[in-house]
Amino acid sequence: INLARSNRLLYFRHTRTSTLEILDEEANLASVVAKLLAGRACSFHVPEDLDGSDDDPEASTTTISATEDELITSKTTPRDLSSTLRTLDRRATQEFMEKGIWILYLAAGILSWTDPDTDEQAESPLILVPVQLHRASPRDPYELRRVEEEVVFNPALSVKLAEFGVELPSIDEEELEFISYLTECDRAISAHPNWEVQRRLVIGPFSFHKEVMY
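Residues numbered from 1 in each chain as written. Predicted model: local features only at pLDDT ≥ 70, side-chain atom pairs only at ≥ 80, totals over all residues. Heavy atoms only, no water.

**Regarding the overall build of the chain**
- Counting its secondary structure elements, the chain contains five helices and ten strands.
- Within the span of the chain, comprising 214 residues, buried residues form 44% of the whole.
- For the chain, the proportion of contacts with a sequence separation of at least 24, taken over those separated by at least 6, is 66%.
- With an accessible surface of roughly 11,400 Å², the chain has 46% of that area assigned to carbon and sulfur atoms. (Helix = DSSP H or I, 4+ residues; strand = E, 2+ residues; numbered from the N terminus. Buried < 20%, exposed > 50% of the residue type's maximum accessible area, 1.4 Å probe, protein only. Contact = heavy atoms within 4.5 Å. Areas by Shrake-Rupley, 256 points an atom, 1.4 Å probe, with all protein chains shown as cover.)

See the structure below:
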């Protein structure tokens, strides 16, 4: 299994157009996971530019007035949100058409950890929920939906943590409860005071099929 820093499953980093973080309180993040696992779709809140311009994201002022069912993301302008959603949709579709594998996932929970051997800092997704960005036509807004792939625990992280004698709890999709599971993970890493289980949701491309086959 690829354990190098190039593996996004172990050393996750945000990029401008290929990752999207959902911002909300812990309870609401848990609600998003529950909706997706139940087969329900989630819509995205489009940030409003008060000055009516997308040309200068640094200069424009935005406001958040999302409804209860809308996902608030890390993107602060309509242009940035639209560009990121299109990029993620195109990349996931292309990989599936060319290779027959699904790479778009919602990373539910992030482990912030330090390599005891090198003192390197890292962030790694915990639960990977397979999702798609769906819209009926190019003029319609995107919705986030679950796809018929298996919800898994990050396989690369499982192998890496075994080197340090750390074993995180396994997951059962039918009984998965986001907050409770992350609380179990808190207990599993309690011997490492500099490690932290972060309550975060991030949409991005993650590929582990080659590692699993190998």
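Having seen the model, we can carry on.
**Quick look at the pattern of salt bridges**
- Summed over the entire model, instances satisfying the criterion amount to nine salt bridges.
- Ionic pairing is found between D115 and K160, a salt bridge with its closest N-O pair at 3.8 Å. Remark: K160 occurs in helix 3 (residues 155–162) and D115 occurs in the loop between strand 6 (104–114) and strand 7 (121–134); sequence separation between them is 45 residues.
- Owing to a relative accessible area of 5%, D115 belongs among the buried residues under this scheme.
- Each of E21, E123 and R200 takes part in one network of salt bridges that share partners. (Salt bridge = Lys/Arg side-chain N within 4 Å of Asp/Glu carboxyl O.)

**Quick look at the nonpolar core**
- Within the largest apolar cluster, 59 residues are counted, with the highest numbers of intra-cluster contacts made by F44, L126 and I203.
- Element by element, the count of residues in this core is highest for strand 6, at eight residues.
- Beyond its immediate stretch of four places on either side in the chain, I203 contacts S18, T19, L20, I22, F44, L88, L104, Y105, L106, V131 and L144. (Core = buried A, V, L, I, M, F, W, Y, C linked by side-chain atoms within 4.5 Å.)

**Details of the pairing of strand 10 (residues 196–205)**
- Among the ten residues of strand 10, eight are classified as buried, and the element is accordingly described as predominantly covered.
- Here eight bridges tie strand 6 to strand 10, and the two strands are oriented antiparallel to one another. Among the inter-strand pairings, L104 is bridged to a residue of strand 10, identified as P205. (Pairing = 2+ DSSP bridges.)

**Side note on the side chain of S18**
- Position of S18 among the secondary structure elements: in the segment before strand 1 (20–22).
- A distance of 2.2 Å separates the side chain of S18 from the side chain of T15, its partner in a polar contact.
- Ignoring any residue separated from it by four or fewer positions in sequence, one finds S18 in contact with R8, L88, R91, I203, G204 and P205. (Polar contact = N/O pair within 3.5 Å; in protein donor to acceptor, adjacent residues only side chain to side chain.)

**Focus: helix 2 (residues 78–99)**
- With 22 residues, helix 2 should reach 32 Å at 1.5 Å per residue; the first-to-last C-alpha distance of 32 Å fits that figure.
- Buried-residue contacts for helix 2 involve strand 1, strand 2 (42–44), strand 6, strand 7 and strand 10.
- Looking one or two places after helix 2, you find G100, whose phi comes out positive at around 75°. (Expected span 1.5 Å × (residues − 1).)

**Re the confidence of the model for the chain**
- The share of residues in the chain with pLDDT of 70 or more is 86%, and the mean pLDDT across the chain is 86.
- Note that residues 52–63 has pLDDT below 50 and, in this model, 21 contacts with residues that lie over four places away or in other chains. (pLDDT = per-residue confidence, 0-100.)

**Concerning the side chain of D89**
- Relative to the helices and strands, D89 is located in helix 2.
- The contacts of D89, once residues within four sequence positions are left out, are L133 and Y142.

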